[in-house]
Amino acid sequence: MKVAVLVSGGGTNLGAIIKAAHSGIIKSAEIVCVVSNREGAYALTRAENAGIPHRAITKKEYGDNFEAEIISYLDSMGVELVVLAGYTAIISPEFIKKYENRMINIHPSLIPSFCGKGFYGLHVHEAALKYGVKVTGATVHFVSEVVDGGAIILQKAVEIQPSDTPETLQRRVMEEAEWELLPRAIELVASGRVSLSGRKTQIR
Ligand code: GRF
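Here the structure is a predicted model, which means the values were calculated and not measured.

A. Structural view of the overall build of the chain. When helices and strands are counted, the chain shows 7 helices and 9 strands. For the chain, whose C-alpha radius of gyration is 16 Å, the value lies close to the compact-globule estimate of 17 Å for 204 residues. Among the 204 residues that make up the chain, the fraction classed as buried is 49%. Restricting to contacts in the chain with at least 6 residues of sequence separation, those with at least 24 account for 63%.

Dropping the structure here:
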């Protein structure tokens, strides 16, 4: 299955996906391109180093048309599955519809906690620490019209340490959960082992 990874920042999740493709954890999918909505995102350097076609397609350059430009690039690469890995731009309903049940996202909490509008990056971990939860984690889900509301594919819990700051917690959630879950979810979806009934997934 041809996969595109959409990024905005450091690309540590993209790095985990590339590693998983090389180690054989991902064997039913081929990463055919990486797209960043921000120039200079280090994720683009990771794609470059891995020899993966990549582009920065930005609002600055394409204005309101920038998502249409992304979609036409994905079409030109024959993309069948879109992976949002630290991608921060809003996805339009048309984009979601086009890739219905073929677009997945990694979110750094156990959805439905600490998710939805405004919960991204460090804000997620700040909210978890402020609330005083003892366990947080990460979730991979299908993208639906409800922000972070699509059917859940995989989740993994991570214990919060008393000394945690938002930064140390973010790092541990990435290391212990995100970087494991996203490659696994890509392989499960690409190998056809995820089926959907309503908002629930079954994994074979
Ligand atoms: C991180 O906050 C991660 O939890 C979330 O997106 C942000 C950047 O990820 N998924 P990455 O390093 O660009 O993959």
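B. Molecular detail of the packing of helix α1 (residues 12-23) against helix α7 (residues 166-190). Closest axis-to-axis distance for the α1/α7 pair is 9 Å, and the angle between their directions is 55°. Comparing their axes, α7 and α1 come out oblique. Considering how the two elements wind past one another, α1 and α7 form a crossing that is right-handed. Contacts between α1 and α7 involve Thr12, Asn13, Ala16, Ile17 and Ala20 from the first element and Met174, Glu178, Trp179, Leu182, Pro183 and Ile186 from the second.

C. Molecular detail of the nonpolar core. By size, the foremost hydrophobic cluster in this structure holds 44 residues, and its most contacted members are Val5, Val83, Ile104, Ile153, Leu182 and Ile186. In terms of residue count, the dominant contributor to this core is α7 (10 residues). Setting aside its immediate chain neighbours within four residues, Ile186 contacts Val3, Ile17, Ile26, Ala29, Leu81, Val83 and Ile104. Grouped together as the second largest cluster of nonpolar side chains are 22 residues, Cys33, Leu74, Ala89 and Tyr99 included.

D. Geometry of the side chain of His141. Mapped onto the fold, His141 is located in strand β6 (residues 135-142). The contact partners of His141, leaving out residues within four places of it in the chain, are Met103, Ile104, Asn105, His107, Ile111, Asp148, Gly149, Gly150, Ala151, Ile152 and Ile153.

E. Here's a closer look at α7. At Met174, α7 shows its largest bend, some 45°. At the C-terminal side of α7, Gly192 shows a positive phi close to 70°.

F. How the structure looks around unusual backbone geometry. Here the amide bond leading from Ile111 into Pro112 is cis, since omega sits at 15°, within 30 degrees of zero. Inspection of the secondary structure puts Pro112 in the loop between β5 (103-107) and α6 (122-131). Even without being a glycine, Phe114 presents a positive backbone phi close to 50°. Position of Phe114 relative to the elements: it lies in the loop between β5 and α6. Its relative accessible area of 15% is what places Phe114 among the buried residues. Despite not being glycine, Asp148 has its phi angle at roughly 60°, a positive value. If you trace the backbone, Asp148 turns up in the loop between β6 and β7 (152-159).

G. Representation of the site of the ligand within the structure. For the ligand, the full set of nearby residues is Gly9, Gly10, Gly11, Thr12, Asn13, Gly86, Ile106, Pro108, Gly121, Gln170 and Glu178. At a separation of 2.9 Å, an oxygen atom of the ligand approaches a polar side-chain atom of Gln170. Glu178 has a polar side-chain atom sitting 2.6 Å from an oxygen atom of the ligand. Coverage of the ligand by the protein amounts to 88% of the 360 Å² it exposes when considered alone.

H. Seen up close, the sheet that holds β6. Sheet architecture is open: 7 strands sit in the order β3-β2-β1-β4-β5-β6-β7, paired in mixed fashion. Since the sheet does not close on itself, it has two edges, and those belong to β3 (54-56) and β7, each with one partner. Between one strand and the next, the sheet's axes are offset by a mean angle of 15°, whatever the strand orientation. In this structure, strand β1 (residues 2-7) lies alongside strand β2 (residues 30-36), joined through 6 bridges in parallel fashion. Considered in β2, the bridge of Val5 is made with Val34. In this fold α1 packs onto β1, β2, β4 (81-84) and β5, with an angle of close to 155° to the strand it touches most, β1. Lying over the sheet, helix α2 (residues 42-49) contacts β1, β2 and β3, oriented at roughly 160° with respect to β3.

Criteria and thresholds
- Residues numbered from 1 in each chain as written.
- Predicted model: local features only at pLDDT ≥ 70, side-chain atom pairs only at ≥ 80, totals over all residues.
- Heavy atoms only, no water.
- Helix = DSSP H or I, 4+ residues; strand = E, 2+ residues; numbered from the N terminus.
- Rg over C-alpha atoms; globule rule 2.2 N^0.38 Å.
- Buried < 20%, exposed > 50% of the residue type's maximum accessible area, 1.4 Å probe, protein only.
- Contact = heavy atoms within 4.5 Å.
- Axes fitted to C-alpha atoms, helices over the stretch in contact; angles between N-to-C directions.
- Parallel < 35°, antiparallel > 145°, perpendicular 65-115°, else oblique.
- Left-handed = near helix turned anticlockwise from the far one by under 90°.
- Core = buried A, V, L, I, M, F, W, Y, C linked by side-chain atoms within 4.5 Å.
- Bend = angle between axes of the 7 residues up to and from the residue.
- Near = heavy atom within 4 Å.
- Polar contact = N/O pair within 3.5 Å; in protein donor to acceptor, adjacent residues only side chain to side chain.
- Areas by Shrake-Rupley, 256 points an atom, 1.4 Å probe, with all protein chains shown as cover.
- Pairing = 2+ DSSP bridges.

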